[in-house]
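Take a look at the letters that make up each chain.
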Amino acid sequence: SISIPGMKEAGKFLTLTSSEAKEINYSNGTVNSLDDVLNHLGLQNAKIEKVDESFAEKMARFVTNPIIIPILLSIGSLGLIIELYSPGFGLPGIAGISALLLFFYGHLVAGLAGYESLILFVIGILLIILEFFVVGGMAGAIGIVAVIASMFLASGDIAVIGISLAIAIGVSIIASILLVKVFGRKMKFFKKIILTDSTNTESGYVSNQNRNDLVEKTGVTLTALRPAGVILIEDERIDVVSDGSFIDKGKKVKVVKAEGSRIVVREILTIDIQKEDE
């Protein structure tokens, strides 16, 4: 909105060359080197000390790069997910925790985060671990919220950390699907950590002894069937149930169905005996 006659119209950006800046007193002059600056300021004999970037500062600059942050978070989440599928604690877990610690280390050194964010992160991890020993899910949910909040608290740019977390979560979901559905059946490593055996009939496992051999055999009730009771077939006492009706003790019965341990019998009436004799 400011107009400078002969140099800038209102509503346009002001662009100055070095000579124009000197002309309107925007600068005190133009120099080509540090020595010229010192001479201009009358500090020709000043002692100059150069401070180089330390390794910690270089590392902090690297790990706080907006491109590196999603990579670190992806490695961290992926490492912890793989660790959940494997027994004990090994290389994936170490890599995951190291990546997350690098994230906080870089932001602490760069001055973008305080120790409160790191403390909140540690509390979140402890709550997630506690979830494995406490039933309910509340501790794990609070732990996840604490971890995510600590990352937002440590970051200097909410947009960058939001995009980075979205990328990390997407990578983790895809990796989990691949680990379980694809590589889980092919890699020996996953065959050791994923249960593939099943107690099915084809493998020789049975939940109950099947007594199909008793079907159509006859016996005598040792107790009244109301509807459960005991019968005797070929000197073998067998627990049975009637097909719905009451059967008194000492009656002749026939096995009509055998479903695992459930054996169903029906009383043989006089008319049935006559038919069998015919």
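Rules and cut-offs
- Residues numbered from 1 in each chain as written.
- Predicted model: local features only at pLDDT ≥ 70, side-chain atom pairs only at ≥ 80, totals over all residues.
- Heavy atoms only, no water.
- Helix = DSSP H or I, 4+ residues; strand = E, 2+ residues; numbered from the N terminus.
- Buried < 20%, exposed > 50% of the residue type's maximum accessible area, 1.4 Å probe, protein only.
- Contact = heavy atoms within 4.5 Å.
- Areas by Shrake-Rupley, 256 points an atom, 1.4 Å probe, with all protein chains shown as cover.
- Axes fitted to C-alpha atoms, helices over the stretch in contact; angles between N-to-C directions.
- Parallel < 35°, antiparallel > 145°, perpendicular 65-115°, else oblique.
- Left-handed = near helix turned anticlockwise from the far one by under 90°.
- Expected span 1.5 Å × (residues − 1).
- Arc of directions from axis to C-beta.
- Salt bridge = Lys/Arg side-chain N within 4 Å of Asp/Glu carboxyl O.
- Pairing = 2+ DSSP bridges.
- Core = buried A, V, L, I, M, F, W, Y, C linked by side-chain atoms within 4.5 Å.
- Phe/Tyr/Trp six-rings, centres within 6.5 Å; stacked < 30°, edge-to-face > 60°.

K.L.:
Got a minute to help me understand the overall build of the protein in this structure?
P.N.:
Looking only at helices and strands, the protein has ten helices and five strands in total. In the protein, which comprises 278 residues, the share counted as buried stands at 26%. Within the protein, contacts between residues separated by at least 24 positions form 43% of all contacts whose residues are at least 6 apart in sequence. Of the accessible surface of the protein, which amounts to about 19,400 Å², a share of 61% is contributed by carbon and sulfur atoms.

K.L.:
What is the right way to look at the packing of helix α6 (residues 115-130) against helix α7 (residues 138-154) in this model?
P.N.:
When two helices pack together, their arrangement is given by the angle between the helix axes and by the axis-to-axis distance. Look at α6 against α7: their axes get within 7 Å of each other, and the N-to-C directions meet at 160°. It follows that α6 is roughly antiparallel to α7 by the angle criterion. For α6 against α7, the interelement crossing comes out left-handed. Packed against α6, whose contacting residues are E116, S117, L120, F121, G124, I125, L127, I128 and L130, the element α7 presents A139, G140, I142, G143, I144, A146, V147, A149, S150, M151, L153 and A154 at the interface.

K.L.:
Would you take a moment to explain α6 for this structure?
P.N.:
Within an α-helix, residues lying three or four positions from one another point in the same direction, as the helix has 3.6 residues per turn. In this model α6 runs 23 Å from its N-terminal to its C-terminal C-alpha over 16 residues, within 8% of the 22 Å that 1.5 Å per residue would give. When we look at burial in α6, the residues that qualify are S117, F121 and G124. Down the axis of α6, the buried side of the element spans an arc of 60°, and every buried residue falls inside it. Opposite the packed face of α6, turned more than 90 degrees from it, sit the exposed residues Y115, I119 and L126. On its buried side, α6 packs onto α5 (91-109) and α7.

K.L.:
Teacher, can you tell me more about the pattern of salt bridges here?
P.N.:
Opposite charge on two side chains allows them to pair when their charged atoms are near. According to the stated counting rule, one finds five salt bridges in the structure shown. K47 is the partner of E49 in a salt bridge, and the nearest nitrogen-oxygen pair spans 4.0 Å. Each member of the pair, E49 as well as K47, carries the same accessibility label: exposed. The shortest N-O distance in the salt bridge between D243 and R266 comes to 2.9 Å. In this pair, D243 sits in the loop between β3 (236-242) and β4 (252-259) while R266 sits in strand β5 (residues 262-267), placing the two residues 23 residues apart along the sequence. A residue is classified by how much of its surface remains accessible, and D243, at 37% relative accessible area, is partly exposed.

K.L.:
Explanation requested: the pairing of β4 in the structure shown.
P.N.:
Side chains on a regular strand alternate between the two faces of the sheet. The sheet contact formed by strand β1 (residues 218-221) and β4 spans three bridges and is antiparallel. If you follow G219 over to β4, its bridge partner there is V253. Strand direction decides the pairing type here: β4 and β5, joined by six bridges, are antiparallel. Its bridge partner being in β5, A258 is matched across the sheet by I263. Between β4 and β5, which pair antiparallel and follow one another directly, the connecting turn spans two residues, one of which, G260, has a positive phi of 70°.

K.L.:
Explanation requested: unusual backbone geometry in the structure shown.
P.N.:
Peptide bonds are trans in most cases, and residues, glycine excluded, mostly fall at negative phi. For the bond running from R226 to P227, omega is -5°, close enough to zero to count as cis. Notably, E216 is not glycine yet its phi reads approximately 75°, a positive angle. Here the phi dihedral of E234 falls at roughly 50°; this positive angle occurs in a residue that is not glycine. In this structure E234 comes out as exposed when scored by relative accessible area, which is 61%.

K.L.:
Where do I start with the pairing of β1 in this structure?
P.N.:
Inspection of the sheet shows β1 paired to strand β2 (residues 228-233) by two bridges, in the antiparallel sense. Each residue of the ladder has a partner; that of V220, found in β2, is L232. Hairpin connection from β1 to β2: six residues lie between these consecutive antiparallel strands.

K.L.:
Help me understand the environment of I129, please; the structure alone is not making it clear to me.
P.N.:
The residue I129 is located in helix α6 in this model. For the pair I129 and G140, spaced eleven residues apart in sequence, the C-alpha to C-alpha distance is 7.6 Å.

K.L.:
Looking at this structure, how should I read the nonpolar core?
P.N.:
If you look at soluble globular proteins, the nonpolar side chains tend to sit buried side by side. Membership of the largest hydrophobic core comes to 17 residues, with the highest contact counts inside it found for L72, L73, F103, F104, F121, M151 and I161. Elements that contribute at least two residues to this core include exactly α4 (68-85), α5, α7 and α8 (158-186). Residues within four places of I161 in sequence aside, it is in contact with I69, L73, F103, M151, F152 and S155. Counting eleven residues, the second-largest nonpolar core is a separate cluster that includes L214, I231, V255 and V265.

K.L.:
Whenever I open this one, the packing of aromatic side chains confuses me. Can you help?
P.N.:
What characterises a pair of aromatic rings is the spacing of the ring centres plus the angle enclosed by the ring planes. The full count for this structure, using the stated rule, is two aromatic pairs. A centroid spacing of 4.7 Å and a plane angle of 45° characterise the contact between F104 and F121, whose relative ring orientation is tilted. Taken together, the residues F104 in helix α5 and F121 in helix α6 connect sequence positions 17 residues apart. Taking relative accessible area as the criterion, F104 reaches 1% and is therefore assigned buried. Here the aromatic residues F103, F104 and F121 are joined through ring pairs into a cluster of three or more.

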